[in-house]
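Chain residues, written in single-letter form:
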Amino acid sequence: MITFLKDQSIYRGEIELRIVRTIDVDQVQLENVKTGELSNHKTFNLLAEYVAGELCTAAQRKHALATGVALRRKPARMEHMSTAAKKDSHRRIDYLVRLERKGSFESTVERLCGDIEEVSRERGELRPPHHTTVYRWRRRFLDNQRDIRAVFCQFDKQGGKGQSRLSPKVEAIIFDKIENVFLAKPRSSAEEVHNAVFLEISRRNTQRIEPEWLAVPGLRTVQRRLMQLYAFEVAVGRFGQKEAERMFANHLGARRVARILELVEIDHSPVDLLVTDEN
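These notes cover the structure that comes with them.

Conventions and cut-offs
- Residues numbered from 1 in each chain as written.
- Predicted model: local features only at pLDDT ≥ 70, side-chain atom pairs only at ≥ 80, totals over all residues.
- Heavy atoms only, no water.
- Helix = DSSP H or I, 4+ residues; strand = E, 2+ residues; numbered from the N terminus.
- Buried < 20%, exposed > 50% of the residue type's maximum accessible area, 1.4 Å probe, protein only.
- Contact = heavy atoms within 4.5 Å.
- Areas by Shrake-Rupley, 256 points an atom, 1.4 Å probe, with all protein chains shown as cover.
- Polar contact = N/O pair within 3.5 Å; in protein donor to acceptor, adjacent residues only side chain to side chain.
- Phe/Tyr/Trp six-rings, centres within 6.5 Å; stacked < 30°, edge-to-face > 60°.
- Expected span 1.5 Å × (residues − 1).
- Arc of directions from axis to C-beta.
- Pairing = 2+ DSSP bridges.
- Axes fitted to C-alpha atoms, helices over the stretch in contact; angles between N-to-C directions.
- Parallel < 35°, antiparallel > 145°, perpendicular 65-115°, else oblique.
- Nonpolar A, V, L, I, M, F, W, Y, C, P; charged D, E, K, R; others polar.

**Notes on the overall build of the protein**
Inference 1: When helices and strands are counted, the protein shows 10 helices and 5 strands.
Inference 2: Expressed as a percentage of its 279 residues, the buried residues of the protein come to 35%.
Inference 3: Summarising the internal contacts of the protein: among those between residues at least 6 apart in sequence, 50% fall at separations of at least 24.
Inference 4: Carbon and sulfur atoms make up 53% of the accessible area of the protein, which amounts to about 19100 Å² in all.

See below:
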């Protein structure tokens with residue numbers, strides 16, 4: 001999300017541009033800092049370039065040069081999100097854009113609260129968000145180098161019974177480490193698996209920009225994944241199929257009875273025995 005404020009610097013590739021002025025609600029004038037050439041651009045087109053990673057702010061460029069991370073980001077798409085998450089994400093972005101244009105964040109808390117109520121009336125909402133909530137949205141946006149995906153609603157990642165809050169990539173890493181660390185040795189612990197997961201995620205995060213870092217799961221999460229394994233699967237992984245089948249051979253349980261000697265069992269195994277009478 002870029003608000004296109006006057007004298008703000010943005011970059012299209014290696015070209016530095018300065019925002020001269022806003023011509024209309026949907027159009028801004030840019031100046032090439034090196035050549036001084038002026039050009040008019042549709043706000044929508046610039047936002048599309050920003051979402052695609054082809055345009056960045058001066059803060060993003062400075063961060064990228066300092067960390068050595070590529071500027072190009074994955075497109076900020078919402079196709080994978082539920083309808084409720086999309087609606088709330090658009091709501092958050094709308095509030096931030098309107099308040100930024102009003103200069104609400106540079107003023108007092110009282111003015112911010114008044115501007116939030118005004119935006120709420122314009123949107124036809126009966127209950128506006130609290131000013132601390134709006135501050136939290138904006139702080140998250142700024143802390144992630146003005147990446148708009150940081151404001152996206154996370155309804156779909158809240159998990160629930162039988163559901164995981166982790167991304168599929170983190171789940172795949174946990175599964176891989178369970179296979180190669182926990183099941184590959186006769187004896188291993190959840191701490192070993194967690195350490196291996198932590199190291200692998202740390203290694204992958206060095207190849208990602210900060211907003212796209214993978215979250216490291218807690219030790220308890222790894223322990224729950226291990227508790228979900230079947231004992232037979234663990235035995236196969238550690239001792240092999242044949243030994244696992246021997247350890248878990250089928251044994252029928254005793255049948256239930258209601259009184260003593262209702263059911264009597266004897267051994268019918270043949271023995272080498274000859275029975276004769278006195279003659």
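**Considerations on the side chain of E31**
Inference 1: Among the structural elements, E31 can be located in strand β3 (residues 27-32).
Inference 2: One polar contact links E31 to R18, side chain to side chain, over a distance of 2.5 Å.
Inference 3: Every residue in contact with E31, bar those within four places of it in the chain, is listed here: E16, L17, R18, V20, G36, E37 and L38.

**Structural notes on the packing of aromatic side chains**
Inference 1: Within this structure, the stated rule accounts for 2 aromatic pairs.
Inference 2: Centre to centre, the rings of F105 and Y135 are 6.3 Å apart; their planes meet at 55°, and the pair counts as tilted. Of this pair, F105 sits in the loop between α3 (83-102) and α4 (109-123) while Y135 sits in helix α5 (residues 131-143), and the two are 30 residues apart along the sequence.
Inference 3: Overall, the relative accessible area of 9% leaves F105 in the buried class.

**Quick notes on α4**
Inference 1: The first and last C-alpha atoms of α4 sit 21 Å apart over 15 residues, in line with the 21 Å expected at 1.5 Å per residue.
Inference 2: Those residues of α4 not exposed but buried are L112, D115, I116, V119 and S120. In a view along the axis of α4, the buried residues occupy a sector of 145°, so they form one face of it. Facing away from the buried side of α4, by more than 90 degrees, are the exposed residues E110 and R121.
Inference 3: Packing partners of the buried residues in α4 comprise α3 and α5.
Inference 4: Looking one or two places after α4, you find G124, whose phi comes out positive at around 75°.

**Focus: the pairing of strand β4 (residues 38-42)**
Inference 1: Two strands pair when backbone bridges link them, and β3 and β4 are joined in this way by 5 bridges, in the antiparallel orientation. Within β4, the residue paired with V28 across the bridge is H41.
Inference 2: Hairpin connection from β3 to β4: 5 residues lie between these consecutive antiparallel strands, with G36 at a positive phi of about 80°.

**Digging into unusual backbone geometry**
Inference 1: The backbone phi angle of L261 is positive, close to 60°, even though this residue is not glycine.
Inference 2: Residue placement: L261 occurs in the segment after α10 (241-247).

**Structural notes on the packing of α3 against α5**
Inference 1: Two numbers describe how α3 lies on α5: the axes approach to 11 Å, and their chain directions differ by 90°. Here α3 is positioned roughly perpendicular relative to α5, judged by the angle of their axes. Across the interface between the two elements, R91, R92, Y95, L96, L99 and E100 from α3 touch V134, W137, R138 and R140 from α5.
Inference 2: Of the residues belonging to the contact of α3 with α5, the class tally is 5 nonpolar, no polar and 5 charged.

**Points about helix α7 (residues 190-205)**
Since one α-helical turn is 3.6 residues long, residues separated by three or four positions face the same way.
Inference 1: End to end, α7 covers 22 Å across 16 residues, agreeing with the expected 22 Å (1.5 Å per residue, within 8%).
Inference 2: Where α7 is concerned, the buried positions are A190, V193, H194, A196, V197, E200, I201 and N205. Along the axis of α7, the buried positions cluster into a sector of 165°, meaning they face one direction only.
Inference 3: The inward-facing, buried residues of α7 contact α6 (168-182) and α8 (219-227).

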